[in-house]
Amino acid sequence: MEKRSVFKSTWLPIVFALPQLTLILLFFYWPVAAVMNWAFTLEPPFGGAAEFVGLDNFREVFHDPFYWNSVLVSIIFAVCGALSAIFIGLVLALAVDRQLPGSGFFRFLYILPFAVAGPAGGIAFRFILSPERGLAAILNSIEPDLWNPAKYGSHALAFVIMIFIWKWAGYTFIFLLAGLQSVPRALIEAAAMDGSGPIRRAIDIQVPLLAPTLFFLLVTMMTEGFVGSDTFGMVHATTAGGPNRATEVMVYRIVDEAFHGLNYSGASAQSIVLIGLIMVFTFIQFRFIERRVHYK
Amino acid sequence: MIQRTPFADALTYGLMILGFLLLIGPFVVVIAGASQSLQQVNAVPFRFMPGTHFLENASAAWTRGDLGHAMVNSLIMATLVTVGKVALSACTAFAIVFFRSPLKHLFFWTVFITLMLPLEVRVVPTYAVAADMFTPFRLLIQFLTGIEIKVEWNLLNSYAGLVLPLIATATGTFLYRQFFMTLPDELAEAARMDGSGPVRFFFDMLVPLSRTNILALTTIMFVYGWNQYLWPLLMVTDPSYKTMMMQLRALLPAENGIPDWNVTLAGSLIIMLPPVLVVAILQRWFVRGLVASEK
Amino acid sequence: MAQIDIRSVRKSYGKTQTLHGVDLIFPTGEFVVILGPSGCGKSTLLRMIAGLEEITAGEIAIGGTVVNRLEPRERGCAMVFQNYALYPHMSVADNIGYALKVAGVPKAERRRRIEETASIVGLSDYLERKPAALSGGQRQRVAMGRAMIREPKVFLFDEPLSNLDAKLRVSMRAEIRKLHQRLNATSVFVTHDQVEAMTLADRLVVMNKGQVEQVGQPLDIYHRPASTFVASFIGSPAMNLMDSRIEGGTVRIGGHAVRLSPAAASLEGREITVGIRPEQVRLSSNGTGVMAVADFVEELGSGRIVHAAMEGQAFAAAIGEEVRVQPGQPIAFELPAEHLHLFDRESGRRIEVEGPAASPVAAVPALALS
Amino acid sequence: MAQIDIRSVRKSYGKTQTLHGVDLIFPTGEFVVILGPSGCGKSTLLRMIAGLEEITAGEIAIGGTVVNRLEPRERGCAMVFQNYALYPHMSVADNIGYALKVAGVPKAERRRRIEETASIVGLSDYLERKPAALSGGQRQRVAMGRAMIREPKVFLFDEPLSNLDAKLRVSMRAEIRKLHQRLNATSVFVTHDQVEAMTLADRLVVMNKGQVEQVGQPLDIYHRPASTFVASFIGSPAMNLMDSRIEGGTVRIGGHAVRLSPAAASLEGREITVGIRPEQVRLSSNGTGVMAVADFVEELGSGRIVHAAMEGQAFAAAIGEEVRVQPGQPIAFELPAEHLHLFDRESGRRIEVEGPAASPVAAVPALALS
Amino acid sequence: AAPAFAEKTKFEFWHGLSGDLGERVQEACKKFNDSQADFEILCTSQGGYDTTLQNTIAAYRAKKQPAIAQIYDAGTLDMMLSKAFVPAKKLMADNGYKIDWDNYFPGIANYYATAGGELLSFPFNSSTAVIYYNMSAFEKAGVTAKPETWEDVAEAAKKLKAAGYECPMAFSFDPWPLMEQFSAIHDQPIATEANGYKGLNAELTVNKTKFIDELKFFKKMQDEKLFVVKTKQLGMDTVPAFTSQTCQITMSSIADHGTVGKTLPEGVKWDVGMLPVFKGTERKKSLVGGASLWVLAGRPEAEYKGAAAFLNFIAQPDMVQWWSTVTGYIPVTKTGFEAMKKNGFYDKAPYKGREIAIESLTLTQPSENTRGIRLGNFTQIRKEISTALEAIYMQNADIQSTIDQAVERSNQGLRRFEKTYAGEKLN
Ligand SMILES: Nc1ncnc2c1ncn2[C@@H]1O[C@H](COP(=O)(O)OP(=O)(O)OP(=O)(O)O)[C@@H](O)[C@H]1O
Ligand SMILES: Nc1ncnc2c1ncn2[C@@H]1O[C@H](COP(=O)(O)OP(=O)(O)OP(=O)(O)O)[C@@H](O)[C@H]1O
Ligand SMILES: O=P(O)(O)OC[C@H](O)CO
Ligand SMILES: [Mg+2]
Ligand SMILES: [Mg+2]
């Protein structure tokens, strides 16, 4: 989409864009260039001359089963987290959209978890769901190990996904509610005239019409799940990737590899693969946004 | 609409309450835990009734995490990130949307790509840049002229260092771009007919009209700035610059000490509070600004 | 096929009352048009018939059954919405067939009826298209098809033409009319466009501020508006209305005494409002008559309207092309007594005067056939 | 007060050419209306005068100065936009006064002029309101005020009435007209509404597909459309156009030979398009004439339009109230020779026939003064 | 003499201790600042050992490193090859301090010294792993003697269990006691090339040593519910499990001696002992843990003067004794230890028992297997091993193959390290 362009000036746009562009060049492109460089060398932890090793780092990364494990974990995390957050947001939005008395109160509250940092939420959840105290202790007193994220990888993964969902469900809710409210009321009424009840209307009319919003959220949430800064914080503050790498998402692995493993080069190679992945996502998203005039 | 749908209504309330338990329940647990005594908080099963020890726990957390100090830093950092982001992205979006310039696509993509790479993934080299801001320029000058320059500008352990790298991303620029695109062309044209140049137009029209977006972005950026975790952890070595989020770790029960989760929870509650307040207060505009921009 | 009875229906939103007691009967098979200015409560009334709005007080019966407590789907009404409210994600066939699907009609049967309906509304070739890929007229037909397929007892239309451009509107009006002739269900059509109302209605209901001003045949209403509101709302340019009083069998307008028909003389002394349509005003042939000062002239090509000021009030007259008028020029008009409408000044209600009825409708000569 | 000269102006967006060479002169103080269908380039032309659009080729001069390279603000034009483009965050006063503020006019002086302007456009009581709190008509007046305050040499209007409802449009037209009379600046008004064009213009420019079809006085254009395009575009219902050829001084239409005026006989054998306006068609008094089958009748109260089919083509005729027509009924029409328009079939250009010119404008009797 | 208002030379010291121990470090810094007028040390806790190493590296890359950094045992080789430091000996010599380098316990010094014996960093907070017993619980369960061997521990655990204690012994996945200390006292290698001392081509070998037996033994104990896993993730780590009397035995650093004493309720009798060995094993000395102080290269000369002064200051006998008193860390010099022993420090509660650590560290002469560990990226190796332990004890993974895999991955890391520092020699 182009604006009927108005102002003509060569230097003004530059002046206006310059501050941010400078910051981006300094804090984004320059570091990214370094990451690129490191990915093809063996960067000594303390700096100094680095040996060029071509694609060795990538080869190593791709041959590492734990790398693929982290890719898998990331995909499960992002897909399950995104889908569940969207699903819950959708269900809540559909409920609130019916505008029964009192729904405004719920609407106000649902967005609050969005404000909580991943690590802070993580710590709270660590307490709430720790297997030997808190809520989970009640579960475990029914049957031992019914809930034990320290022991079962699946529990641990579910655990971090839960934090993700908790944080983002309110966010998707807001978008979906707005989407629902932009569905013309007449459509709902037309469906009512056609004999359709509230639940049927939700399924037949409202949800299909939300398709663009849903897709937008899917992409946004998946990206968030893959590289969102809270994703790292959540894992870091709770399971630290464990047990036995069951929750080692890609971002966590990269940071861990760089800082614990002092393997900047390997971490860089992984970063670049991750960038590639996100670019694919972003590309899809962009194509979509530009074409979102779907049903108009 | 005339509807007799007791079942659907009951289901609706059921779902909304379930959502409430799921999304707000954790806050309740945290509040309960934060106000209990050490014995209560470690009791199995956990009791959800808040106790009477909140102030005590909060003040213990406050001292343990040196939260007063950290609070000031976090506020400064989050505010600066917010202000910087809100201002700079508006300028960039203005440059991208309202000029016919061959550079605009370059600008656009330069900014846009930054969405793809989180700080976590490039944090080490970013640190190096923050340590010596002029490296790229120095290298460039040296490469071009052969002259070696000695100036340095170190951002480590400074508010600038906490803030500037966080401003270097595209979220805000996007929000504004989307909004600017929805403004009718006639607005700028009317302003032009009235004799207004681009700068005037920016300040007289765009800025006041972007109020909702500014508030939305303010909310997001405050939350984003406040919640930064890894970057300050790495960047700040001087305790006088430590932020709330950094202190989260200090609040955890000491590795081998007493499991005083009540203090930890009280502390994390304090840490969560400011962004939650900001979202709660600005939520109306936040929602409107966000949604308008994404649509 | 059902009569609609509306009995003392009221509607309030919170404290503000929107409908102040409406009593109407729409006989089976009639095409009723509800006309009124924006905000007068037309849609509200229609939606109450449909079941989309609660009835605050009073009763609505369809085919003899009181429907106040029935859900929309139980009332046997079908509705065509202003912008059609087509389901944008469904094909034409699915749009038309949705009601049947909800009702659980088997697929084959459904298909059959969809095709049948589509052929009636001329959409057989477009069944697989999405609404976005249809023209305005085609969309309207989908909306009609969707309403028809349920074989409703009552058709409701809420300004279904208001979003179309002038040309399309004319042809859509014709289509709706034809469809009604074919199906003959009781139809209620809401509009605020008087041309639409005049051309479509068997029976016209004029509403104002939540009340019914007049009910009747369109031409009847045109020729005998029951109130100044109706008089000024129907007809374009609007009827000229001038305050006066009857003195000696005449009314004084624009400095001139206009003689009334003898029957009107009985109203001697009454404060009235006199109305005359711009088309019925004639230029005075001898320079005497009701005086006004020309303000400006609208040239319509096919004719012209002089906008003038008469004793400070606006006064319009349709004049032929033969005359040139300059702004500021004084003009004398004749107001033929048989075309004058008299209204009570205070209530605005029509004063019916026997004898010189303004309606020439009675005398229509049969057209010579070829 | 300035004349606008448009010389061989062209406009291209990338490869597609939107204006194909426009030459026009708008004399000082005239009210010029540019009329044409959507997309024909009206706005583009207007915006080029305003300086909002680059001129690809050719020259525009205002008051004798070529303005091609001047910024909008340097051209002395003021513009009223379609949706007014009011600054939504500013009060009425600030909207009106913005241009002065930009120009650095001192505050007191500004205030004075704002109040003056506001009183002219009747907004003195609304100065502190935001545009959102105004009605459509009030908004339009703000837009006018904003344009006026600069005392421009040229007023430009880009469909400023198209968003208003019918009633408001009529009164806004009158206001614009009055304002023009008061200020007497050269005004260029763009519209695609022919009634608007006819009623407002001193001089009418009809455009089609990036070209000027005809320039002239409105009635002149109505009575002597230069092409079939103009003929069908101006007048409502549109002129009936029928293809035919001249044979023996007659044209064959609807199974009937219509005799032309003797002068037209010189065109013997030519392929032409014959036009006649619905208002000029008469019902045949003796049942013979051009035959058509009635399709439906639109009752307008003040008259009625018969829509009929003639040799498969739509044909409209305005008939009086005295006649009743049933759908399906055959009708015979008379087409008076003096009201026929002839166009070259291929080019669509008017064929001017001396003698029985269809224009009765020449013979306007002076109106008797009181 | 410097003028009264002369600027003090300021320099930074980053350490990894937090909580109570962190405050003790601050106190030491304050003592130094108060003791003289020329220098001011700025001490900053980085929150943990690993973050201290990370931050130091990042800072060094950015040329913003502190003058002194506290680096834990696991980071030793990373530091050694970095060339980013000033060797301890050189620093002191350059600044005119005469240090009796032989005064350091060889068992401690060797960890931080070159093959030739030259000390590169300053031993500071040194520890070793010990086992903690709840003697009150022992009494109740009828355990009379402090266990010496793992078999004794198993026996005691059984009795505790019989007496109704749900968790006789707590353990976690920390490789430091389980792998490193165990290997040393059982005279088992951790890696080839003398645990890496002889070259960068060392390979981890713990998958072929008694370490495997130990893991099997622990597994068996766990299956019998005598040994119980306690971690943060489960809600409570081993030491809190011990101090809350949830568990009655645990292994931990002697550094926690102070904390344990303070945390256990009054009246509970407890004791520490040397880490148990398997029956019939000839016990060797254990490895020194904790951290040492590295002086980083690339700072202005003046700061080195201050750094040397500080290092000299904390090596004074009274400071050594103070430090060992207020923390559980052991004195690192022989004279320091002798002095403390002489004035009866170790005889009375709450310090009684801490001598066990010295005893454990000095039990035998350092040998290839007990001298220390000299492996690159050792942080990562620890992580590999502890992940493996997690898999074994939480998810029932097969012991041998899991450790094999961890060893293989560790070796890959070692090879990358070797390649990164290709051509470097260990001296
Ligand atoms: N939900 C509502 N709450 C409060 N007032 C309402 C509501 N819906 C309609 N109204 C009011 O009721 C009155 C009648 O509205 P209605 O929609 O029936 O008007 P209408 O005649 O259909 O007008 P239009 O031609 O503009 O559609 C209006 O004044 C409107 O403001
Ligand atoms: N920025 C542009 N780029 C490409 N084509 C354009 C642009 N602006 C206008 N056009 C094209 O130029 C032609 C004339 O446009 P213009 O806006 O002048 O039409 P208009 O006569 O004002 O129509 P309307 O009555 O719909 O406003 C149209 O076909 C339009 O699609
Ligand atoms: O707890 P500490 O200080 O004794 O250190 C234990 C280990 O050596 C850390 O690597
Ligand atoms: Mg309505
Ligand atoms: Mg236009």
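See above for the structure.
In this text, all values refer to a predicted model and were calculated from it rather than measured experimentally.

A.B. asks: In this structure, what is going on with the interface of chain E and chain B? I would like to understand it.
C.D. replies: The parts lose accessible area when they come together, and the size of an interface is often stated as this lost area. Listed per partner, the contact involves 18 residues of chain E and 17 residues of chain B. Roughly 1500 Å² is buried in total at the junction of chain E and chain B, and carbon and sulfur atoms are behind 58% of that figure. Counting across the interface, chain E meets chain B through zero residue pairs in polar contact (both at pLDDT 80 or more). When contributions to the side of chain E that touches chain B are tallied by element, the ones reaching two or more residues are helix 2 (49-61), helix 11 (238-243) and helix 12 (257-263) of chain E. It is helix 2 of chain E that contributes the most residues to the side of chain E that touches chain B, five residues altogether.

A.B. asks: How do you make sense of the state of the cysteines when you look at a structure like this?
C.D. replies: In protein structure, a disulfide is the covalent linkage between the sulfur atoms of two cysteines. A full pass over the atoms with the stated rule returns two disulfides over all chains. What pairs with Cys29 of chain E in a disulfide is Cys43 of chain E, and their sulfur atoms sit 1.8 Å apart. Judged by the sign of its S-S torsion, about -100°, the cystine formed by Cys29 of chain E and Cys43 of chain E is left-handed. With Cys29 of chain E in helix 1 (residues 19-35) and Cys43 of chain E in strand 2 (residues 39-45), this pair connects stretches of sequence that are 14 residues apart. For Cys43 of chain E, a relative accessible area of 11% translates into the label buried. In this model Cys40 of chain D remains outside any disulfide bridge; the closest cysteine sulfur is found in Cys77 of chain D, 20 Å from its own.

A.B. asks: I would appreciate a short explanation of the pattern of salt bridges in the present structure.
C.D. replies: Any two side chains of opposite charge can pair, on the condition that their charged atoms come close. All names here are of chain D. Inspection of the entire model under this criterion finds 73 salt bridges over all chains. Arg345 is the salt-bridge partner of Asp243, the closest N and O atoms lying 4.0 Å from each other. Pair noted here: Asp243 is in strand 11 (residues 240-247) and Arg345 is in the segment after strand 20 (341-344), with a separation of 102 residues, a long-range link. Of the residues examined, Asp243 reaches a relative accessible area of 47% and is grouped as partly exposed. The class for Arg345 is partly exposed, based on a relative accessible area of 33%.

A.B. asks: Just checking my understanding: could you explain the site of ligand 3 for this structure?
C.D. replies: Residues and elements named next belong to chain E. In the vicinity of ligand 3, the contacting residues are Tyr49, Tyr72, Asp73, Ser127, Trp176, Ser253, Ala255, Gly289, Gly290, Tyr329 and Arg382. The contact in question runs from an oxygen atom of ligand 3 to an N or O atom on the side chain of Tyr329, over 2.4 Å. Residue Arg382 places a side-chain N or O atom 2.6 Å away from an oxygen atom belonging to ligand 3. For ligand 3, whose unbound accessible area comes to 300 Å², protein coverage reaches 85%. In terms of residue class, the shell around ligand 3 is made up of five nonpolar, four polar and two charged.

A.B. asks: Honestly, the interface of chain B and chain A in this entry has me stumped. Any pointers?
C.D. replies: In this assembly, 116 residues from chain B lie in contact with 104 residues from chain A. For the pair chain B and chain A, the two sides together bury roughly 10100 Å², of which 77% comes from carbon and sulfur. At the junction of chain B and chain A, the tally comes to one salt bridge. With 18 residues, helix 1 (residues 6-34) of chain B is the largest single contributor of residues to the side of chain B that touches chain A.

A.B. asks: Whenever I open this one, the pairing of strand 9 (residues 203-208) of chain C confuses me. Can you help?
C.D. replies: Residues in a regular strand point their side chains to alternate faces of the sheet. Residues and elements named next belong to chain C. Counted residue by residue, strand 9 has five buried out of six residues, so it is predominantly covered. Here four bridges tie strand 3 (residues 31-35) to strand 9, and the two strands are oriented parallel to one another. Directly across from Leu35, in strand 9, lies its bridge partner Val206. Two strands pair when backbone bridges link them, and strand 9 and strand 10 (residues 211-216) are joined in this way by five bridges, in the antiparallel orientation. If you follow Met207 over to strand 10, its bridge partner there is Val212. The hairpin turn running from strand 9 into strand 10, its antiparallel successor, is two residues long, and Lys209 in that turn takes a positive phi close to 45°.

Parameters at a glance
- Residues numbered from 1 in each chain as written.
- Chains lettered and ligands numbered in written order.
- Predicted model: local features only at pLDDT ≥ 70, side-chain atom pairs only at ≥ 80, totals over all residues.
- Heavy atoms only, no water.
- Contact = heavy atoms within 4.5 Å.
- Buried area = accessible area lost by both parts, 1.4 Å probe.
- Polar contact = N/O pair within 3.5 Å; in protein donor to acceptor, adjacent residues only side chain to side chain.
- Helix = DSSP H or I, 4+ residues; strand = E, 2+ residues; numbered from the N terminus.
- Disulfide = S-S within 2.5 Å.
- Buried < 20%, exposed > 50% of the residue type's maximum accessible area, 1.4 Å probe, protein only.
- Salt bridge = Lys/Arg side-chain N within 4 Å of Asp/Glu carboxyl O.
- Near = heavy atom within 4 Å.
- Areas by Shrake-Rupley, 256 points an atom, 1.4 Å probe, with all protein chains shown as cover.
- Nonpolar A, V, L, I, M, F, W, Y, C, P; charged D, E, K, R; others polar.
- Pairing = 2+ DSSP bridges.

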